[in-house]
Structures are given as C-alpha cells and as structure tokens.
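# An overview of the molecular structure
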Amino acid sequence: MKRRLLLAAGLSGGLLLGLNQEARAQVENDERPMRFNGMEFRSADSLFYINFRFRMQNRAGFISKSGTDLSVREYDARVRRLRLRADGYVLTEKLGYSLQLSFSRGDQDFESLGVANIVRDAVIFYNVTPNLYFAFGLNKQPGNRQRVVSSGQLQFAERSIVNAALTIDRDFGIKAYYTHPLGPVALYSLKGAITTGEGRGPNGSGPGLAYTGRAELLPLGAFKGGGDYSEGDIEREPTPKVSLAAGYSYNRQTVRSGGQLGVELYSPVDLGTFITDAMVKYQGWAYQTEYMRRTSPNPFTYDSTNDLRYAFVGQGLNQQLSYYFPSGWEPALRYSWLQPNRVLREQVDQQDVLEFGLTKYLRKHRVKAQLNASYQPARGNWDLDAPGNRWGGVFQFELGI
C-alpha cells in the first residue's frame, strides 16, 4: 500500500471527532492555515491515517533550605517529559485511536510502581454521531480540568499541589462523551466513565471499579481553538468566554493511595472525589479555578507489623490569573491551598503555595520558555523567617511539533 509522507497543517474532521477532550483541544489549536502539525502518513486509499508528534520539556530548578536562607536544599535538573504520540484512524474515520509513550523516568510512574511504564495512552474511539463518541482503553478520565489539560498546554511548569493530591488521572475502561448546543450560543457536555480504578500500572484489577461523571456548561459559546482545555488566553478571545463544570468519581476497593495514583496500600479502600472548576477568558486575560474534595469511610491501612499506609483525604482549592500580551509574553499568578481531613492531621500538614510565572511563547504552547518562582509556607505561617518555609525556582524550555 503506497503511503505519502506529508507535513500536516491539520487533521481530518472525522479524526477530530474521535479524539478525547485533551487531544481535541491540542488538534483544534493547530487547525489553522500555516500551522506546522507534526508528520502525517496517509494511505492512497484513505483507509489508514496516522499523525506523529513529539515533545520534550527540559528543566533546571532549585528549592531553598528556608525562607531566609536561600542556600540550595535540592536541585531539580532533568528531562521532565519526553513523549511521542500518534493519532489517527483505521478503515473509517469513525474508528479512531490515540497512543502516547513516555521516555523520561519521572514520567513513567516508576517510584510508585517499581517498574518503568512507558504507556500513557492506548485508546480506541468510535464516533456514533458528530455529537457522541465512545472511548475504550487507557487514557485520561473526565476529571478535574487541570489534569485533562495536556502538560504541554500548561502555563506553569507543573500542575498545582491540589491536582497532585486529589486528581483521578488516567485509567483503563470505557468512556462516553456527548456535546450538544443549548440555545443559539451556549452548549453543554456530558461525560462518563467506568474504569478499573487502579490507574495505568496494574496487569489486572480487583473486584472494585471506578465510576466517574462530569457535566460542563459553556454559556457564552465555544472557546477559540479549544481554549477551555488550554491554559492562558493565547487566542486573546475577542468576546468573553466561560466554562463551568462539576463532576464526581467513586472508586470502589482501590489499592492505591490516590486511587489511580500513589503507592500500593495494604488493603483496599473506597474513595469519593468531588470536583468543580471554571475557566474564564477575555482579550488576553485568563482566570481558572478548581475545588476538589476527597472522602473515604476509612483511609488507613496496616500490614502485619502495624505499619501504616493511608489514602489522602481532604480538600483543596487552586486559582490562576494571567494576561497574555500580543508580543507573546505572559505573566501569571497562582495560589494553591491543600488541607487534609482532620483524621490525617497527625500525618499531613496543610499546604499553601504561591507561585509566579513568566512565559515567552515562541510558537504558542508548542515552543515556549517558562520561568517560575514559588513560596511555600510551613503550617500556614507566611513569615519569611518561619522555620520550614521555602522558596523555589525553575526554568523550563518546551519544544514540540
């Protein structure tokens, strides 16, 4: 079968229908004339299509010993992410797929699993109608917005501490996505998933499953370029755009401390995660916020020697505000607050982080330089000379096609 090698300026409309929300946002951001969009192979009979992309994030950073002592406690110099992804369809545009592989150690869940897991996404899509499609396989669940936003679409080098502690992350199972207009401008989306609840690591799953649902409302219409799943208003929306969402995930009998993430527990636990978030953009200004709360009837597990491992339960709030200048510079401010449930107060302290970011976009999110500074007070004491308070800084350069 003869194939042609092309440099793509966009993907076919059928493929767009078959991608998950994260992938759709990335594709839509690039579906404009004169946009370089990876490498594309298409069969002569149009029964096979694949689009290859890669990206890497190289970073160097530090954490200070204390608020007033700026000597370095820890360096962070590494390839944070190195990924290869491919999207396409087979036989018909209704039958799509997406796969993503990771090649840096910090991106392979090595610390939790003890083995390198390079597979991040391996999912098949079937488009029933332009408004409804199903997904089967391993990919992100319809969870909190910041997690579903690709790490290549972030305006800070990392997601917030709230996401790190409470997100529901990738999982294997079946998902359904439905989007429909609501009046002349507004639209809504309904998303659901039934998954293993154990994340991307296990070879098998226990008797419990995870059940996730999410609803989104865009009262002022769609964002340009899928911007409700891309941080910062790099499209400089000419009219106000708003996205409001809420969801819930119940993970029954999970054996990992964060449900789909974290260390293995000594016995299964049930976790319930409530999520609500919002995104607002207008003329370069962008504001996003999300609140999450996780509960469990009993988060503590013990082994035969009475050693303790627990699932994190508590609540958190993250807020980000930014302004994108036409020159491609974007300052951003983020405040994150994470509070453990009272049953964990002896194990975990409340966390607060204030962060400032400055990004220079060279080719929107595909090629950018990021400089972040953070201040983390210990136990809620913001005094600069308080014991345990720390500064941090990181420079990251992202390059992708």
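Residues numbered from 1 in each chain as written. Predicted model: local features only at pLDDT ≥ 70, side-chain atom pairs only at ≥ 80, totals over all residues. Heavy atoms only, no water.

Time to look at the overall build of the protein. The helix and strand inventory of the protein stands at 5 helices and 20 strands. Split into buried and exposed, the 401 residues of the protein put 52% on the buried side. Put simply, 62% of the contacts in the protein that link residues at least 6 apart link residues at least 24 apart. Element-wise, carbon and sulfur atoms account for 62% of the exposed surface of the protein, whose accessible area totals about 17,400 Å². (Helix = DSSP H or I, 4+ residues; strand = E, 2+ residues; numbered from the N terminus. Buried < 20%, exposed > 50% of the residue type's maximum accessible area, 1.4 Å probe, protein only. Contact = heavy atoms within 4.5 Å. Areas by Shrake-Rupley, 256 points an atom, 1.4 Å probe, with all protein chains shown as cover.)

This paragraph deals with the nonpolar core. Counting residues in hydrophobic clusters, the biggest one holds 11 residues: V162, A165, L166, I275, M292, F300, F312, V313, L338, L344 and V348. Sort the elements by how many residues they give to this core and helix α5 (residues 161-166) lands first, with 3 residues. In this structure I275 touches G143, N144, R214, A245, A246, G247, Y291 and M292, once residues within four positions along its chain are discounted. (Core = buried A, V, L, I, M, F, W, Y, C linked by side-chain atoms within 4.5 Å.)

Turning next to the pairing of strand β19 (residues 367-376). Bridge count for strand β18 (residues 351-363) against β19 is 9 bridges, and the pairing is antiparallel. What sits directly across from L358, in β19, is L371. Here β18 folds back onto β19, and the loop between the two strands holds 3 residues, one of which, K364, carries a positive phi near 50°. Relative to strand β20 (residues 390-400), β19 is paired through 10 bridges, and the arrangement is antiparallel. (Pairing = 2+ DSSP bridges.)

Moving on: the confidence of the model for the protein. When the pLDDT values of the protein are averaged, the result is 88; 89% of them are 70 or greater. Across residues 1-36 the pLDDT falls below 50, and counting only partners more than four positions away or on other chains, this stretch makes 111 contacts in the model. (pLDDT = per-residue confidence, 0-100.)

What follows concerns the packing of aromatic side chains. Geometry of an aromatic ring pair is reported as the spacing of the ring centres plus the angle between the planes. One pass over the full model with this rule turns up 12 aromatic pairs. By way of ring pairs, the aromatic residues Y335, Y375, W382 and W391 are connected into one cluster. Over the face of the ring belonging to Y229 we find R145, whose NZ or CZ atom lies 5.3 Å from the ring centre. The residue whose ring lies beneath R334 is F156, and the NZ or CZ to ring-centre distance is 4.4 Å. (Phe/Tyr/Trp six-rings, centres within 6.5 Å; stacked < 30°, edge-to-face > 60°. Lys NZ or Arg CZ within 6 Å of the ring centre and 35° of its normal.)

Okay, the environment of V343 next. Within the secondary structure, V343 is located in the loop between β17 (329-340) and β18. For the pair formed by V343 and P299, sequence separation is 44 residues and the distance between their alpha carbons is 8.8 Å. Once residues within four sequence positions are removed from consideration, V343 is found in contact with P299, F300 and V313.

What follows concerns the pattern of salt bridges. Here the structure, examined in full by the defined rule, presents 21 salt bridges. Here E216 makes a salt bridge to R214, at a shortest N to O gap of 2.8 Å. A salt bridge links R334 to E355, with the nearest nitrogen and oxygen atoms 2.9 Å apart. One end of the pair, R334, is in strand β17; the other, E355, is in strand β18, and 21 residues separate them in sequence. Taken together, the shared-partner salt bridges in this structure form one network comprising R59, D76, R78, R80, R81, R83, D107, R120 and E158. (Salt bridge = Lys/Arg side-chain N within 4 Å of Asp/Glu carboxyl O.)

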